[in-house]
Amino acid sequence: MKEEHLFEQMKLWRRWTVEFLRTIPEDVIDKIPPGHNNSIRWNAGHILVGWDNTMFPALNEERQMPLSYHVLFPSGSEPQHWVEQPPSLEEIINRLEEQPILIERACKGHLDDPLKERFLGMGTLGEMLIFHINHENLHMGIIKSMKQVLVNRSQYNLFN
């Protein structure tokens, strides 16, 4: 597959992520539905951190997200343990809109480059990019499900 097609896929899925996040009512972004450990805001921030924590360091570049994002949104973290105020969903959305441009600029011409260390069995930057597109979509499925549960419960006063 040509490099530009991968970047177009990344940007297409990110556009859909941003469009969907803009439909979520503010009053549900921090609620955690039964059976989940995290909120919609956490999942949105986690998408940013996942990309940022691997793509830029693989190119020997500085991560682009503030350090606070890497404290608030890494795998294994949970909003109930936050000790600082998280960024607004709007700030997260703005960063989600900017991130694909930064990734494409940094990675263009390097997708076939071998990684210094394998990442989940992957050996090239391009393989890692495909992983992150899928990882983002996994979290978007979770966000969509959470919105459906939370908005329905809010409408019928079923949520604590």
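What you see is a predicted model; the values in this text were computed from it and never measured. Position numbers for residues count from 1 along each chain, tracking the sequence in the order it is written. A pLDDT threshold of at least 70 governs which residues receive local features in this predicted model, and a stricter bar of 80 or more applies before side-chain atom pairs are shown or counted, although totals over entire chains, interfaces and linings include all residues. Note: side-chain values were computed over all heavy atoms of the structure, leaving out hydrogens and water.

Visitor: A description of unusual backbone geometry should follow, citing residues and the corresponding values.
Guide: Backbone geometry at Asn60 places phi at a positive 60°, although glycine is not the residue there. Assignment of secondary structure puts Asn60 in the loop between α2 (40–58) and α3 (67–72). In this model, Leu120 sits at a positive phi of 50°, which is unusual for a non-glycine residue. For Leu120, the position within the fold is in the loop between β1 (114–119) and β2 (122–124). Every helix listed is a DSSP run of H or I at least four residues long, and every strand listed is a run of E at least two residues long, numbered separately from the N terminus.

Visitor: Now, about the pattern of salt bridges: what can you tell me, with residues and values included?
Guide: Salt bridge, as used here: a side-chain nitrogen of Lys or Arg that lies within 4 Å of a carboxyl oxygen of Asp or Glu. Under the defined criterion, the tally for this structure stands at eight salt bridges. Notably, a salt bridge pairs Lys11 with Glu8, separated by 3.1 Å at the nearest N-O pair. Residue Lys11 and its partner Glu8 are located together in helix α1 (residues 3–21), separated by three residues, close to a single helical turn. According to the relative accessible area criterion, Lys11 is partly exposed, its value standing at 23%. Between Arg22 and Glu97 there is a salt bridge, with the nearest N and O atoms lying 3.0 Å from each other. With Arg22 in the loop between α1 and α2 and Glu97 in helix α4 (residues 89–107), this pair connects stretches of sequence that are 75 residues apart. The buried label goes to any residue with under 20% of its type's maximum accessible area, the exposed label to any with over 50%, and the partly exposed label to all in between, with areas taken from a 1.4 Å probe on protein chains only.

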